[in-house]
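Read off the chains here:
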Amino acid sequence: MSTQFAPIGKMEFLSFQLGGMEYGVDFRKVKELRTFKSLERFASEGTIVKGVAVSRGVIMPLVDMRVAFNARAASPDPMTDVIILQLSSCVMGMVVDGVTDVVRLYPNQISPIPGLTRDSDCDYLMGLGETDGRRLILVDIDKLMSIRRETVAGAQKAA
């Protein structure tokens, strides 16, 4: 399979845990890693959007991926991390169960996700990365976050 990008060398992904599964996002999108407790947070909390936080003078929304991917609310514990991402449209914080490490993959180590078709609604899933007996679900975070914003905006217009 050719992935949505076709680099020649190794690609780096930040791996993280959500509900017992391991995911990866393009490491170039990662601006900073913080513990949930270390962020100054304000504004009201919602189900998926956990309010707004400030990091190094930047105000950003916090999206709880634990709820978005697992449909369960979980209170933060000492292992809860926030991945601060520089997306194409904004800076945002992504709350995860915990960051694992940086994984380097060649394109031939990325395969299609079984059962996923090209025209599915999950085009934000880039593939399955495999290395050293580990399997990571690779996520195009820009696509995932743009889907969420469009869905929320559409729901607000309909109301």
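Residues numbered from 1 in each chain as written. Predicted model: local features only at pLDDT ≥ 70, side-chain atom pairs only at ≥ 80, totals over all residues. Heavy atoms only, no water.

A. Just the overall build of the protein chain, in detail. In terms of regular secondary structure, the protein chain is built from 2 helices and 12 strands. Listed by position from the N terminus, the elements making up the protein chain come as β-β-β-β-β-β-α-β-β-β-β-β-β-α. Looking at the protein chain as a whole, 39% of its 159 residues are labelled buried. Long-range contacts, defined here as pairs at least 24 residues apart, represent 55% of the contacts in the protein chain between residues at least 6 apart. Put simply, the protein chain shows about 8900 Å² of open surface, and 54% of that area lies on carbon and sulfur atoms. (Helix = DSSP H or I, 4+ residues; strand = E, 2+ residues; numbered from the N terminus. Buried < 20%, exposed > 50% of the residue type's maximum accessible area, 1.4 Å probe, protein only. Contact = heavy atoms within 4.5 Å. Areas by Shrake-Rupley, 256 points an atom, 1.4 Å probe, with all protein chains shown as cover.)

B. Broad picture of the nonpolar core. F16, V25, I83, L85, M94, I141 and M145 are the most contacted members of the largest nonpolar core, which totals 23 residues. Looking at this core, the elements with two or more residues in it are β1 (11-18), β2 (21-26), β7 (81-86), β8 (91-96), β11 (125-131), β12 (134-139) and α2 (141-158). In this view, F16 contacts M21, E22, Y23, G24, V25, I83, M94, V96, G98, V99 and T100; residues no more than four positions away in its chain are not counted. One finds F36, L39, A53 and I84 within the second-largest nonpolar core, a separate group that totals 9 residues. (Core = buried A, V, L, I, M, F, W, Y, C linked by side-chain atoms within 4.5 Å.)

C. Broad picture of the pairing of β7. The element β7 is extensively covered by neighbouring structure, given that 5 of its 6 residues are classed as buried. Pairing of strand β3 (residues 30-35) with β7 involves 5 bridges; the strand directions are antiparallel. Bridging across to β7, R34 finds its partner in V82. A loop of 4 residues connects β7 with β8, the two strands running antiparallel in sequence. (Pairing = 2+ DSSP bridges.)

D. Looking closely at the sheet that holds β1. Strand order across the open sheet formed by 6 strands is β9-β1-β2-β12-β11-β10, with mixed pairing between neighbours. At either margin of the open sheet sits one strand with a lone partner, and together these are β9 (98-105) and β10 (110-111). Summarising the sheet, β2 and β12 pair through 3 bridges and their orientation is parallel. Along β12, the bridge assignment pairs G24 with L138.

E. Up close: the pattern of salt bridges. Taken as a whole, this structure holds 9 salt bridges when the rule is applied. Between R104 and E12 there is a salt bridge whose closest N-O contact spans 2.9 Å. Placement of R104 in strand β9 and of E12 in strand β1 is noted, with a sequence separation of 92 residues between them. Relative accessible area serves as the criterion here: at 30%, E12 is assigned to the partly exposed category. Here E32 and R34 are joined by a salt bridge, their closest N and O atoms 3.4 Å apart. A single network of salt bridges, built from pairs that share partners, joins E22, D101 and R134. (Salt bridge = Lys/Arg side-chain N within 4 Å of Asp/Glu carboxyl O.)

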